[in-house]
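Given next are the chains, with one letter for each unit.
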Amino acid sequence: MSPEVIFDAGPGELFVVRNVANLVPVYAPDGGAHGVSAAWNTQSGLLRVKPIVVLGHAQCGGIRAFIDNIAPLVARRIFIGRWMSMFIKPGREGRASVDPR
C-alpha cells in the first residue's frame, strides 16, 4: 500500500522516496550521483519537512532476495548487487558480502 493511501494524503502533502529494499546509503560526499542523499537534502534542508517516517512493508522482495542469496543479486548484476551490498544481515557487522561483478 502506498504512503499516500496509508496517511490519507493529497497531492503535495508527502515527500516520498522509493527505492529497492528501502535502503539508505552511508554519507559519501564524493563525486557520485547519490539519489537518496539528494532526496534527503531536499526534504530536510530545502523543504524542512517534519516529521520523517521510514516506511517498509512485510515480505519485501529486495530483502528476501538478499537473505536467500538469490543469484540475480550477484554475478553480472552490477547495479542491484552494489545496491544490496549496503545491507548487513542480522547478527553480522560490517558490509554485506555481495559480489557486484
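Note that the coordinates shown come from a computational prediction; the quantities given were computed from them, not determined experimentally.

Rules used throughout
Residues numbered from 1 in each chain as written. Predicted model: local features only at pLDDT ≥ 70, side-chain atom pairs only at ≥ 80, totals over all residues. Heavy atoms only, no water. Salt bridge = Lys/Arg side-chain N within 4 Å of Asp/Glu carboxyl O. Helix = DSSP H or I, 4+ residues; strand = E, 2+ residues; numbered from the N terminus. Buried < 20%, exposed > 50% of the residue type's maximum accessible area, 1.4 Å probe, protein only. pLDDT = per-residue confidence, 0-100.

Provide a residue-level description of the pattern of salt bridges, including the pertinent values.
Under the counting rule described, the total for this entry stands at 1 salt bridge. Glu 4 is the salt-bridge partner of Arg 18, the closest N and O atoms lying 3.7 Å from each other. Linking Arg 18 in the loop between α1 (3-6) and α2 (35-46) with Glu 4 in helix α1, this pair joins segments that are 14 residues apart in sequence. Overall, the relative accessible area of 60% leaves Arg 18 in the exposed class.

I'd like a description of the environment of Gly 62, backed by residues and values.
Of note, Gly 62 is situated in helix α3 (residues 61-67). Residue classification places Gly 62 among the buried residues on the basis of a relative accessible area of 17%. Taking the C-alpha atoms as reference, Gly 62 lies 8.5 Å from Asn 22; in sequence the two are 40 residues apart.

I'd like to hear about the confidence of the model for the protein, residue by residue, with values.
Confidence in the prediction for the protein averages 78 pLDDT; 79% of positions are at 70 or higher. When mean pLDDT is taken per element in the protein, α1 scores highest with 90 and helix α4 (residues 78-84) scores lowest with 77.

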